[in-house]
Amino acid sequence: MIAILINTTWLDVDPNTRISFVVNNPAFDTEVLQGDYSYPFTLPATPTNNVALNFNNHPATATTQWISKTPCQVFDDGVKILEGEIYLDKYYNNAYECHINTGLARLTEISE
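Residues numbered from 1 in each chain as written. Predicted model: local features only at pLDDT ≥ 70, side-chain atom pairs only at ≥ 80, totals over all residues. Heavy atoms only, no water.

Participant: Could you clarify how one ought to interpret the environment of Asn94 in this entry?
Facilitator: Note on placement: Asn94 falls in the loop between strand S5 (79-92) and strand S6 (95-103). A sequence separation of 51 residues divides Asn94 from Leu43, and the C-alpha atoms of the two residues are 9.0 Å apart. Excluding residues within four positions of it along the chain, Asn94 makes contact with Pro44 and Ala45. Within the structure, the side chain of Asn94 is placed 3.1 Å from the side chain of Tyr91, a separation counted as a polar contact. (Helix = DSSP H or I, 4+ residues; strand = E, 2+ residues; numbered from the N terminus. Contact = heavy atoms within 4.5 Å. Polar contact = N/O pair within 3.5 Å; in protein donor to acceptor, adjacent residues only side chain to side chain.)

Participant: Even after reading the chapter, I still don't get the side chain of Thr102, so can you show me in this structure?
Facilitator: You can see Thr102 is positioned in strand S6. The class for Thr102 is buried, based on a relative accessible area of 1%. (Buried < 20%, exposed > 50% of the residue type's maximum accessible area, 1.4 Å probe, protein only.)

Participant: Would you mind going over the environment of Arg18 with me for this structure?
Facilitator: Turning to its location among the elements, Arg18 is positioned in the loop between strand S2 (9-10) and strand S3 (36-44). Residue classification places Arg18 among the exposed positions, given a relative accessible area of 60%. Note: C-alpha distance between Arg18 and Tyr39 (21 residues apart in sequence) is 9.8 Å.

Participant: Help me out: how do you make sense of the nonpolar core in this one?
Facilitator: By size, the foremost hydrophobic cluster in this structure holds 21 residues, and its most contacted members are Ile4, Phe41, Leu43, Val74 and Ile86. Secondary structure elements with two or more residues in this core: strand S1 (2-6), S3, strand S4 (70-76), S5 and S6. Discounting chain neighbours no more than four positions away, the residues touching Val74 are Ile2, Ala3, Ile4, Ile19, Val79, Lys80, Ile81, Leu82 and Ile100. (Core = buried A, V, L, I, M, F, W, Y, C linked by side-chain atoms within 4.5 Å.)

Participant: Looking at this structure, I do not really get the pairing of S1. What am I missing?
Facilitator: Each regular strand carries side chains that alternate between the two faces of the sheet. Within S1, 4 of the 5 residues are buried, leaving the element largely enclosed by the surrounding structure. With 5 bridges joining them, S1 and S4 adopt antiparallel strand pairing. If you follow Ile6 over to S4, its bridge partner there is Cys72. Relative to S2, S1 is paired through 2 bridges, and the arrangement is antiparallel. Bridge pairing in S2 places Leu5 opposite Trp10. The turn joining S1 and S2, which pair antiparallel and follow one another in sequence, is formed by 2 residues; a positive phi near 55° is taken by Asn7. (Pairing = 2+ DSSP bridges.)

Laid out in structure tokens, this is it:
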């Protein structure tokens, strides 16, 4: 099961949430890959997520306290698989549309 940690808060994640990615071993790469990767996902608007995401479900705060570049970690069954920065893209239908940006260097550090 996917778990997401922002600062010291574990976000509420729907059990059906999936984040897809492919890890390539740089030792077998013939080309240099550069850039960041982005992983989109949806979070439910629960009390825990509302606090962690600065109440961006409320119109009064949605334009002044938007989440961006907030450090986060993603775990799968207790194993850290991603480390990067979470961005809140939009809020609708009682859910937060987010994405995590992570670079190749971060993936290499985590895999060691």
